[in-house]
Amino acid sequence: RVEGAGLPVESLATYSATQVVEQSLGPAQLQAYLDMMRREFQVPRSRASPPLLRAFDQFLNYRKGPLAMYALSQYVGRDNINLALRRLLEAHPPGHTPRATTLDLYRELKAVTPTRYRPVLHDLFAANTYWEFSASQARAVKTGDGRWQVTLDARARKLVVDGAGAEIERPLDEWVEIGVFPGPARRENGEVIPGKPMYLAKHRINKAQQTIVVTVPDEPGHVGVDPRALLVDVKPRDNFTDIR
């Protein structure tokens, strides 16, 4: 019973459940399951919290922890996550001591994380980090070869919340998914329900206001910053904008 004990127990169990959902029911049901977990971030609660490596309450163990594991899997690949967990089990087999702690888990995750994604590993597990992304406007023009050039004006902010609830703004240097989708954005209860993207890739965002240009094969309808909500955004409803 140490700080963070729920992460290698409950968070990993729930993360494993997400993999079962995807394999047995498909990606759409997985996203519905993840969205259900993400909605609990919108329940009024203090953001003052220890990092996941020192997590102790059920919200962190059953919601933030599994979502962090899933997010990391989308950065480094599910096979690499499985490799890290396999190595953790080999180093700490059941019934033997010393038992694995979050520091052991973090060490194995770090070993399979490419250098450019290690900052996001730190932000997900070793700090209580939140982001604010928004897609302020987007426009598209048809190019001479029949493709479409999409220009997105994005805004971003990153902050760390300490145990007393103080918000400390941090410099930006993030790899964030940018998605382009056909047709106008479909909304339910004010939230965008993204469909299948025609473009989805990670872009480096290192300024509070940044212009991103991508090319897609067909006419686009709307764009999103971090459209799959991999990172914990405090205001997720403005992550999408229709193309004007």
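> Would you mind going over the sheet that holds strand β9 (residues 222–225) with me for this structure?
Whether parallel or antiparallel, the strands of a sheet pair through hydrogen bonds between backbone atoms. The strand order across the open sheet built from four strands is β7-β4-β9-β10, with neighbouring strands paired in antiparallel fashion. Each of the sheet's edge strands pairs with one partner strand only, and the pair in question is β7 (199–205) and β10 (240–242). Within this sheet the neighbouring strands show an average axis-to-axis angle of 20 degrees, counted without direction. Bridge analysis of strand β4 (residues 174–181) against β7 gives seven bridges, and the strand direction is antiparallel. Looking at β7, one finds that E174 is bridged to I205.

> When you look at the side chain of S73 in this model, what are you seeing that I'm missing?
Here S73 shows up in helix α3 (residues 58–76). Residue S73 is classed as buried on the basis of its relative accessible area, which comes to 4%. Engagement of the side chain of S73 in a polar contact is seen with the side chain of Q74, the distance being 3.1 Å. Here S73 is in contact with Y15, R78 and I81, once residues within four sequence places are set aside.

> Would you take a moment to explain the environment of P114 for this structure?
Structurally, P114 can be placed in the loop between α5 (102–111) and α6 (118–125). Exposure remark for P114: the relative accessible area of 37% places this residue in the partly exposed category.

> Just checking my understanding: could you explain the pairing of strand β8 (residues 209–216) for this structure?
Remember that side chains alternate between the two faces of the sheet whenever the strand is regular. The alternating pattern of β8 places Q210, I212, V214 and V216 on a buried face, while none of Q209, T211, V213 and T215, on the opposite face, is buried. Both strand β2 (residues 148–161) and β8 contribute to a ladder of eight bridges, which runs antiparallel. Looking at the pairing, T151 lines up with V213 of β8.

> Would you take a moment to explain the packing of α5 against α6 for this structure?
The geometry of a pair of packed helices is captured by two quantities: the angle between their axes and the separation between those axes. In contact at an axis separation of 10 Å, α5 and α6 are set at 160 degrees when each is read in the N-to-C sense. Classified by the interaxial angle, the pair formed by α5 and α6 is roughly antiparallel. The two elements α5 and α6 meet at a crossing, and its hand is right-handed. Each of Y106, L109 and K110 in α5 lies in contact with α6, whose residues at this interface are R118, L121, H122 and F125.

> Help me out: how do you make sense of the packing of aromatic side chains in this one?
Any two aromatic rings considered together are summarised by their centre-to-centre distance and by the angle between their planes. What the rule picks out here adds up to four aromatic pairs. Centroid distance F41 to F59: 5.0 Å. Interplanar angle 75 degrees. Geometry classified as edge-to-face. Remark: F59 occurs in helix α3 and F41 occurs in the loop between α2 (27–39) and α3; sequence separation between them is 18 residues. With 6.1 Å between their ring centres and 55 degrees between their planes, F181 and F240 make a pair best called tilted. Here F181, found in strand β4, pairs with F240, found in strand β10; they are 59 residues apart in sequence, far enough to count as distant. Taken together through their ring pairs, the aromatic side chains of Y75, Y117 and W175 make up a single cluster. Directly above the aromatic system of Y130 lies the positively charged group of R47, at a separation of 5.6 Å from the ring centroid. When the ring centre of W175 is taken as origin, the NZ or CZ atom of R116, which lies over that ring, is 4.5 Å away.

Rules used throughout
By convention here, each chain's residues receive numbers from 1 onward along its written sequence. Restriction of local features to residues with pLDDT of at least 70 applies here, the model being predicted, together with a cutoff of 80 or more for giving and counting side-chain atom pairs; totals for whole chains, interfaces and linings are based on all residues. Side-chain descriptors were evaluated using all non-hydrogen atoms of the structure, hydrogens and water having been removed beforehand. Pairing between strands requires that DSSP locate at least two bridges from one strand to the other. Helix and strand assignments come from DSSP, with helices taken as H or I runs of at least 4 residues and strands as E runs of at least 2, each series counted from the N terminus. Axis definition: a line fitted to C-alpha atoms, limited for helices to the stretch in contact. Angles are taken between N-to-C directions and run from 0 to 180 degrees. Three labels apply to residues, based on accessible area from a 1.4 Å probe with only protein chains included: buried if under 20% of the type maximum, exposed if over 50%, partly exposed otherwise in between. Here a polar contact is taken to be a pair of N or O atoms separated by no more than 3.5 Å, where protein atoms must pair a possible hydrogen donor with a possible acceptor and residues adjacent in sequence count only if both atoms sit in side chains. Any two residues whose heavy atoms approach within 4.5 Å are treated as being in contact. An angle below 35 degrees is read as roughly parallel, one above 145 as roughly antiparallel, one from 65 to 115 as roughly perpendicular, and any other as oblique. Should the near helix be turned counterclockwise from the far one by less than a right angle, the crossing is left-handed, whereas a clockwise turn marks it as right-handed. By convention, a stacked pair of Phe, Tyr or Trp rings (six-membered ring in the case of Trp) has centres within 6.5 Å and planes under 30 degrees apart, an edge-to-face pair has planes over 60 apart, and any other such pair is tilted. Think of it as a cone above the ring: NZ of Lys or CZ of Arg counts as a charge over the ring if it is within 6 Å of the ring centre and within 35 degrees of the ring normal.

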